[in-house]
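Each chain is listed here by its residues.
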Amino acid sequence: MDYIEKVLEKLKELGRKLIEALLGPEAEREPELIPIPVNERSRRR
């Protein structure tokens, strides 16, 4: 059984590499922007 699990793991790894080579790396989500408060009164002068 251990041999079969190792073979399956290698197949998964090869499949992942093949998909990455064909489609490019997995897209990462962009970080959510944090609003920064700005003091508008000081900018108007």
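This text goes with the structure placed above it.
Source: prediction; values computed, not measured.

The rules behind each value
Positions within a chain are numbered from 1, following the residues in the order the chain's sequence is written. Two thresholds apply to this predicted model, a pLDDT of at least 70 for residue-level local features and 80 or more for giving and counting side-chain atom pairs, whereas whole-chain, interface and lining totals are computed over all residues. The basis for every side-chain value is the complete set of heavy atoms in the structure, and neither hydrogens nor water enter the calculation. A run of H or I in DSSP becomes a helix once it reaches four residues, and a run of E becomes a strand once it reaches two; helices and strands are each numbered from the N terminus. Under the scheme applied here, a residue whose accessible area is under 20% of the maximum for its type counts as buried, over 50% as exposed, and between as partly exposed, the area being computed with a 1.4 Å probe on protein chains only. For accessible areas, the Shrake-Rupley method is used with a probe of radius 1.4 Å. Any residue's cover is judged against the shown protein chains and nothing else. What counts as a salt bridge is simple: a side-chain nitrogen of Lys or Arg found within 4 Å of a carboxyl oxygen of Asp or Glu.

Visitor: Honestly, the overall build of the chain in this entry has me stumped. Any pointers?
Guide: Looking only at helices and strands, one finds 2 helices and 0 strands in the chain. In the chain, which comprises 45 residues, the share counted as buried stands at 0%. Taken as a whole, the chain presents about 5500 Å² of accessible surface, with 58% of it coming from carbon and sulfur.

Visitor: Whenever I open this one, the pattern of salt bridges confuses me. Can you help?
Guide: If you walk through the whole model with that rule in mind, you get 2 salt bridges. With a shortest N-O distance of 4.0 Å, aspartate 2 and lysine 6 are connected by a salt bridge. Here the residue aspartate 2 and the residue lysine 6 both occupy positions in helix H1 (residues 2–23), the gap between them amounting to 4 residues, near one helical turn. Overall, the relative accessible area of 54% leaves lysine 6 in the exposed class. Measuring nitrogen to oxygen at the nearest pair gives 3.5 Å for the salt bridge that ties glutamate 13 to lysine 17. Here lysine 17 and glutamate 13 lie together in helix H1, a separation of 4 residues that amounts to about one turn.

All quantities given are derived from atomic positions and should not be read as evidence of function.
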